[in-house]
Amino acid sequence: MDGSKQHAVLVKLCTAALMTAIVFAGNYLRITLPVAVGGVTAFTLANILCALSGLLLGPWWGFLAAGLGSFLYDLTNPNYVAEAPITLVTKGMYGLVAGAVFCFFFVRLLKKGRDSYPAMVVATACAAVGYLVIYSVKNFFYNGMFIEGYTTAVQCWAVVVAKLPATVVNGVLAVIFAPILGVALQKALRAAHLERVLA
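Not measured: the values here are computed from a predicted model. (Residues numbered from 1 in each chain as written. Predicted model: local features only at pLDDT ≥ 70, side-chain atom pairs only at ≥ 80, totals over all residues. Heavy atoms only, no water.)

Chemist: What exactly am I supposed to notice about empty space enclosed by the protein here?
Modeler: Per the stated rule, a full pass over the model turns up one cavity of 30 Å³ or more. Every residue lining the largest cavity is counted, 22 residues in all, and those nearest its centre are Arg 30, Tyr 80, Lys 91, Tyr 131 and Tyr 135. Going through the elements one at a time, β2 (40-44), α3 (59-76), α4 (84-109), α5 (117-147) and α6 (153-191) are the ones with two or more residues in the lining of the largest cavity. Here the residues of the lining of the largest cavity sort into seven nonpolar, nine polar and six charged. (1 Å grid on protein atoms, 1.4 Å probe; cavity = no way out; pocket = protein on both sides within 12 Å on 5 of 7 lines; lining within 4 Å. Points joined across faces, edges and corners; volume = space filled by probe spheres on them. Helix = DSSP H or I, 4+ residues; strand = E, 2+ residues; numbered from the N terminus. Nonpolar A, V, L, I, M, F, W, Y, C, P; charged D, E, K, R; others polar.)

Chemist: Help me out: how do you make sense of the nonpolar core in this one?
Modeler: A general feature of soluble globular proteins is that nonpolar side chains tend to end up buried together. With 31 residues, the main nonpolar core has Met 19, Leu 55, Leu 56, Leu 57, Tyr 94 and Phe 102 as its most contacted residues. Taken together, the elements giving at least two residues each to this core come down to α1 (3-26), α2 (46-57), α3, α4, α5 and α6. Looking at which element gives the most residues to this core, the answer is α2, with eight residues. Membership of the second largest hydrophobic core comes to five residues, among which are Phe 140, Tyr 150, Val 159 and Val 160. (Core = buried A, V, L, I, M, F, W, Y, C linked by side-chain atoms within 4.5 Å. Buried < 20%, exposed > 50% of the residue type's maximum accessible area, 1.4 Å probe, protein only.)

Chemist: When you look at the packing of aromatic side chains in this model, what are you seeing that I'm missing?
Modeler: The geometry of two aromatic rings is summed up by the distance between their centres and the angle between their planes. Inspection of every chain in the model, using the stated rule, returns nine aromatic pairs. For the pair Tyr 28 and Tyr 73, a centre-to-centre distance of 4.9 Å together with 90° between the ring planes defines the contact as edge-to-face. With Tyr 28 in the loop between α1 and β1 (30-34) and Tyr 73 in helix α3, this residue pair connects regions lying 45 residues apart in the sequence. Accessibility expressed as a relative area gives 3% for Tyr 73, which makes it buried. Centroid distance Tyr 131 to Tyr 135: 5.3 Å. Interplanar angle 15°. Geometry classified as stacked. Of the two residues, Tyr 131 and Tyr 135 both sit in helix α5, four residues apart, roughly one turn of that helix. Judged by its relative accessible area of 7%, Tyr 131 falls in the buried class. Here Tyr 135 falls in the buried class, since its relative accessible area comes to 15%. One aromatic cluster in this structure is built from Phe 24, Tyr 28, Tyr 73 and Tyr 80. (Phe/Tyr/Trp six-rings, centres within 6.5 Å; stacked < 30°, edge-to-face > 60°.)

Right, dumping it as structure tokens:
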């Protein structure tokens, strides 16, 4: 591996580690509320950072940063420690989808700039919808059937519905703020000649 490739890998690794730490810390910015069925729900800013990981790092490194940061947070919170491996996948998917849609569809296929605000909004919206679907499936089966022991679909759907408002609000916040941060950071990366190294 030549020096330029080693440098690019090192920069991406360091940035992924930094984003993992930021996602981990961002998970503490939350308001946790009990719900009638299914335990607790939370309004959190972490989804913004999970989407941002994908926008900056691309799908695979974005998956790693978003998933690992959220996974590590779950290990420190008694409410979520049992589902930490599930969080690794569900939150990782946030970064994966945002990164895949932005990098592969908009940047490579449509040749949009890496600081394209509309492209980041669409990519983050796709990630938010994807997360809503996978999180709802997790709530139906894991929280409803496994944790609560519900045996009917109606009971399991009640768990999904109880957690839906917070999930939608978190997704909307991500769609609003992740692209704003993404554009600002991409411009800074361009000024530092690092924009092509990351995603």
